[in-house]
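Geometric and topological summary
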Amino acid sequence: MRSLVVYSSQTDNTRKLAETVYKALTGEKEICPISDAPDPSDWDFIAMGFWLKAGKPDPMSLEYLPRIKGKSLFLFATHGAAAGSEHALNAMNYAKDLAFEAKVVGSYSCQGEVDPKIIEHAQAKPEPPVWIADAPAAVGHPDETNIEELKSLIVSLTAV
Ligand SMILES: Cc1cc2nc3c(=O)[nH]c(=O)nc-3n(C[C@H](O)[C@H](O)[C@H](O)COP(=O)(O)O)c2cc1C
């Protein structure tokens, strides 16, 4: 099986998850940032990672997700919102809808430390975004527990 890990990451949180997925995969595999992402049609299994912006996958991921067609797809993400929050779940569902022509075999998301300047800027808005209340607790994430959870998930998904 040929596996491709593609990730979008500005501040390395999602990159850490991508590297975890890559290490846990066996067989022929490749990892690359979304800016260098190859044509997804050449791969059997694709793991695609994004970060959340304005409650959705980041803009580059929004463009890449619909291009993944007829492949097994694992989605992963980091965000300032709490893991399992409505905000985070809605964004993951948004990604799944965009990749409707792929076969989504699993997903994982967790908090990712938010740039303090972004928190300050968002908190100063007349109507701060809902996820910002959770953002201070994202410090240090993805942490060891997140990495282990993701690793176990990939190992169990790819076990024969
Ligand atoms: C401009 C901007 C917008 C963001 N919008 C959201 C958002 O809508 N929801 C959320 O949960 N986190 C939001 N975040 C937080 C990031 O998704 C989070 O820190 C993520 O882990 C960043 O991933 P990266 O380090 O891979 O770039 C935003 C961050 C930035 C910089």
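Summarised in this report is the structure supplied together with it. (Residues numbered from 1 in each chain as written. Predicted model: local features only at pLDDT ≥ 70, side-chain atom pairs only at ≥ 80, totals over all residues. Heavy atoms only, no water.)

Thoughts on the nonpolar core
Among the nonpolar cores identified, the biggest contains 21 residues, and Val-6, Met-48, Phe-50, Tyr-64, Ile-68, Leu-73 and Leu-75 are the most heavily contacted of them. Top contributing element to this core by residue count: strand S3 (residues 45-53), with 4 residues. If near-sequence neighbours (up to four positions away) are discounted, Phe-50 is found in contact with Ser-8, Thr-14, Pro-57, Asp-58, Ser-61, Leu-75, Phe-76, Ala-77, Thr-78, Ala-91, Met-92 and Ala-95. (Core = buried A, V, L, I, M, F, W, Y, C linked by side-chain atoms within 4.5 Å. Buried < 20%, exposed > 50% of the residue type's maximum accessible area, 1.4 Å probe, protein only. Helix = DSSP H or I, 4+ residues; strand = E, 2+ residues; numbered from the N terminus. Contact = heavy atoms within 4.5 Å.)

Digging into the side chain of His-87
Inspection of the secondary structure puts His-87 in helix H3 (residues 86-98). In this view, His-87 contacts Leu-52, Gly-55, Ala-81, Val-130 and Trp-131; residues no more than four positions away in its chain are not counted.

So, the site of the ligand
The local shell around the ligand holds 21 residues, among which Ser-9, Gln-10, Thr-11, Thr-14 and Thr-78 are the closest. Between the ligand and Thr-78 there is a distance of 2.7 Å, counted from an oxygen atom to a side-chain nitrogen or oxygen. In isolation the ligand offers 650 Å² of accessible surface; the protein chains occlude 89% of this area. When atoms are counted within 2 Å of each cavity's grid points, the one that captures over half of the ligand is the largest pocket. (Near = heavy atom within 4 Å. Polar contact = N/O pair within 3.5 Å; in protein donor to acceptor, adjacent residues only side chain to side chain. Areas by Shrake-Rupley, 256 points an atom, 1.4 Å probe, with all protein chains shown as cover. 1 Å grid on protein atoms, 1.4 Å probe; cavity = no way out; pocket = protein on both sides within 12 Å on 5 of 7 lines; lining within 4 Å. Sits in = over half its atoms within 2 Å of the grid points.)

Points about the environment of Lys-53
Here Lys-53 shows up in strand S3. When its relative accessible area of 45% is taken as the criterion, Lys-53 is described as partly exposed. Sequence separation between Lys-53 and Trp-43 is 10 residues; the distance between their C-alpha atoms is 27 Å. Filtering out sequence-adjacent residues up to four positions away, Lys-53 remains in contact with Asp-58 and Pro-59.

Topic: helix H5 (residues 144-158)
In a regular helix each residue adds 1.5 Å, so 15 residues correspond to 21 Å; H5 covers 21 Å between its end C-alpha atoms and thus fits that length. Buried within H5 are the following residues: Asn-146, Ile-147, Leu-150 and Ile-154. In an axial view of H5, the angular spread of the buried residues amounts to 100 degrees, which keeps them on one side of the axis. Residues of H5 that are buried in the fold lie against helix H1 (13-24), strand S5 (72-79) and strand S6 (103-111). Capping the start of H5, Asp-143 holds a side-chain oxygen 3.1 Å from the backbone nitrogen of Thr-145, two or three residues further along. (Expected span 1.5 Å × (residues − 1). Arc of directions from axis to C-beta.)

Details of the pairing of strand S2 (residues 28-33)
With 6 bridges joining them, strand S1 (residues 2-7) and S2 adopt parallel strand pairing. Counterpart to Leu-4 in the pairing with S2 is Glu-30. Crossover connection from S1 via H1 to parallel S2: handedness right-handed. (Pairing = 2+ DSSP bridges. Right-handed = clockwise from strand over helix to strand, strands pointing away.)

Considerations on the layout of surface pockets
Its volume calculated, the largest pocket comes out at about 500 Å³. Top element by residues in the lining of the largest pocket is S3. It accounts for 3 residues. Class assignment of the residues belonging to the lining of the largest pocket gives a composition of 7 nonpolar, 11 polar and 4 charged. (Points joined across faces, edges and corners; volume = space filled by probe spheres on them. Nonpolar A, V, L, I, M, F, W, Y, C, P; charged D, E, K, R; others polar.)

Section: the packing of aromatic side chains
As enumerated under the stated definition, the model contains 1 aromatic pair in all. Looking at Arg-2, its charged tip hangs above the ring of Trp-43, at a distance of 4.3 Å from the centre. The aromatic ring of Tyr-22 is capped on one face by Lys-29, whose charged end is 4.7 Å from the ring centroid. (Phe/Tyr/Trp six-rings, centres within 6.5 Å; stacked < 30°, edge-to-face > 60°. Lys NZ or Arg CZ within 6 Å of the ring centre and 35° of its normal.)

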